[in-house]
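# Per-entry structural report
Chain by chain, the residues:
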Amino acid sequence: MFSMTGFGRGEYKNGGIELTVEIKTVNNRYLDVSVKCPRIFSSQEEAVRSALRKRLTRGHADVFISYSDKREREKTLRLDESCASAYVSAANRVKQLFPEISDDVSVTSVLRFPDVIRTEDASAADDELVSALCAALDCATDKLNEMRAVEGEKLANDMLSRMKEIEKLVAGIQKRAPLVAQSYREKLEAKMKKLLEGIEVDEGRLLTEAALFADKSNIDEELTRLNSHISQFREICTEPLVGRKLDFLVQEFNREANTICSKSNDIEVTRLGLALKNEIEKVREQVQNVE
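I will try to describe carefully the structure that is included in this document. Since this is a predicted model, take the numbers as computed values, not measurements.

### Quick notes on the side chain of R58
Inspection of the secondary structure assignment puts R58 in the loop between α1 (45-53) and β4 (59-69). As a buried residue without a salt bridge, R58 has its nearest oppositely charged side chain in D247, at a separation of 4.9 Å. Here the side chain of R58 touches R29 through a polar contact of 3.3 Å, landing on its backbone oxygen. A polar contact of 3.1 Å, which involves the side chain of R58, links it to the backbone oxygen of V290. Once residues within four sequence positions are removed from consideration, R58 is found in contact with M4, N28, R29, Y30, L31, G243, R244, V290 and E291.

This is the structure:
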C-alpha cells in the first residue's frame, strides 16, 4: 500500500553536468503531473510525465528540475547581418555629417557593437543532458516511492486497527438486535394493559404487531454485508494499489450503517450505530490518502 503524499530527490553529477530532480506528491482523486523546468528541457516535459505515469496512479505530483552545465564545449556564434549593416550605415552617415572627425570604424570595432555577434544557445537538451535527466528522475521516483511505502504501511496499520473496532461494534449490534423485537413486544403489551385497564389483551393482535415491527426493523442483511465488507477490507489491504477499491468499499460501509440507524428503534442499537459511523468516517479520511 502506498500513501499519495511523499517527496523524492534525485541528483546527477558527472562530466560538468549537475542536475537535480525533486518530486512532491499530495492527494488527488486522479493522477495530475506538473513539471517546472528550464526552457532547455521543455521538449522533455511529456517524457517526464509519461515516466511518472508508469510509477504513480493517483495524486498530484509537482516535478522541479534544475541544472548547471559546466562542460567545455565550442560555442557557436551568430552574426546579425542586419544589425551590423545598420551600425555601418549609421557610421557612414556620421562621417558625411562630420567629415573633420577621424574615421576609426573597422571590422573589429563593428564586431564589438551590441547584438552584432550573439552566442547561439542550445534550444533543446542534448543526449547527455537527457540521460542525466532520466537518471535523476529515476532516483527521485525511487526515493519518492520508498517514502510513500513507509507512509502507506502506517496508514494500513491505522485503518486495520479501526477495522477491529468496527468489527466489535458490529458484533455488539448483532448481539443486541434479536432483543429489540422482544423488548418492543413487552413495552407494547404493558402499554396496552395500562390503556385497557384490566381488559384481557388480544394475544394474536399483540403477536401480529410484534411481528410487523420485527420485520420492519430487521437488520440481519445489513450486518451480514458489514461482516463481509470487513473481510474484503482486510484482504484488499494486502494489495499494492488499493485506493479506488477502498474508496468504493467505505461508501458501502456507510450505506449499511445508515440503514441500520434508520431502521433502529432501540437506543442501544442507535448508540452503537452512531459509533460505527464515526469509526467508518475515520477510515474514510485515511482512505483519501491512499493510492
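Here the narrative resumes.
### Remarks on the packing of helix α7 (residues 243-263) against helix α8 (residues 267-287)
Interhelical geometry of α7 versus α8 gives an angle of 165° and a closest axis separation of 9 Å. Viewed along their axes, α7 and α8 adopt a mutual orientation that is roughly antiparallel. Two packed elements cross with a definite hand, and for α7 against α8 that hand is left-handed. Listed contacts from α8 to G243, L246, D247, V250, F253, N254, A257, N258, I260 and C261 of α7 are V269, G273, L274, L276, K277, I280, V283, R284 and V287. Residue composition of the contact of α7 with α8, by class: twelve nonpolar, four polar and three charged.

### Here's the deal with the pattern of salt bridges
What the rule picks out here adds up to 20 salt bridges. Of the charged contacts in the structure, one is a salt bridge between E151 and K154, with a shortest N-O distance of 4.0 Å. Of the two residues, E151 and K154 are both situated in helix α4 (residues 127-196); the distance of three residues between them amounts to about one turn of the helix. E151 sits in the partly exposed class, given a relative accessible area of 30%. Across the pair K245 and E239 runs a salt bridge, and its minimum N-O distance is 2.9 Å. In this structure K245 comes out as partly exposed when scored by relative accessible area, which is 42%. Since its relative accessible area comes to 26%, E239 is described here as partly exposed.

### Things to note about the packing of aromatic side chains
For the structure shown, the criterion picks out three aromatic pairs. Ring geometry for F41 versus Y67: centroids 5.3 Å apart, planes at 80°, classification edge-to-face. Taken as a pair, F41 in the loop between β3 (31-36) and α1 and Y67 in strand β4 lie far apart in primary sequence, 26 residues in all. Assessed through its relative accessible area of 1%, F41 is described here as buried. Judged by its relative accessible area of 30%, Y67 falls in the partly exposed class. Between F233 and F253 the ring centres are 6.4 Å apart and the planes differ by 80°, which places this aromatic pair in the edge-to-face class. Residue F233 is found in helix α6 (residues 220-236), and its partner F253 is found in helix α7; the two are separated by 20 residues along the sequence. What makes F233 buried here is its relative accessible area of 0%. Residue classification places F253 among the buried residues on the basis of a relative accessible area of 2%.

### Describing the sheet that holds β4
Neighbouring strands of a sheet are bound in pairs by backbone hydrogen bonds; such pairs are parallel or else antiparallel. Ordered in space as β1-β2-β4-β3, the four strands form an open sheet in which the pairing is mixed. Two strands bound the open sheet, and with one partner strand each, they are β1 (6-14) and β3. Each neighbouring strand pair of the sheet contributes to a mean axis angle of 15°, computed without reference to strand direction. One ladder, built from ten bridges, connects strand β2 (residues 17-26) with β4; its direction is antiparallel. In the sheet register, V26 faces β4, and the bridge partner there is H60. Against the sheet, α1 touches β2, β3 and β4, its axis set at about 145° to β3.

### Points about the nonpolar core
If you look at the biggest cluster of nonpolar residues, it comprises 31 residues, and the most contacted ones within it are I166, F233, L246, F253 and L276. Among the elements of the structure, α4, α6, α7 and α8 are those that each provide at least two residues to this core. With nine residues, α4 is the largest single contributor of residues to this core. Beyond its immediate chain neighbours, meaning those up to four positions away, I166 contacts I230, F253, L276, E279, I280 and V283. One finds V35, I40, F41 and L52 within the second-largest nonpolar core, a separate group that totals 23 residues.

Procedures and definitions
Residues numbered from 1 in each chain as written. Predicted model: local features only at pLDDT ≥ 70, side-chain atom pairs only at ≥ 80, totals over all residues. Heavy atoms only, no water. Helix = DSSP H or I, 4+ residues; strand = E, 2+ residues; numbered from the N terminus. Buried < 20%, exposed > 50% of the residue type's maximum accessible area, 1.4 Å probe, protein only. Lys, Arg positive; Asp, Glu negative; His and termini not counted. Salt bridge = Lys/Arg side-chain N within 4 Å of Asp/Glu carboxyl O. Polar contact = N/O pair within 3.5 Å; in protein donor to acceptor, adjacent residues only side chain to side chain. Contact = heavy atoms within 4.5 Å. Axes fitted to C-alpha atoms, helices over the stretch in contact; angles between N-to-C directions. Parallel < 35°, antiparallel > 145°, perpendicular 65-115°, else oblique. Left-handed = near helix turned anticlockwise from the far one by under 90°. Nonpolar A, V, L, I, M, F, W, Y, C, P; charged D, E, K, R; others polar. Phe/Tyr/Trp six-rings, centres within 6.5 Å; stacked < 30°, edge-to-face > 60°. Pairing = 2+ DSSP bridges. Core = buried A, V, L, I, M, F, W, Y, C linked by side-chain atoms within 4.5 Å.

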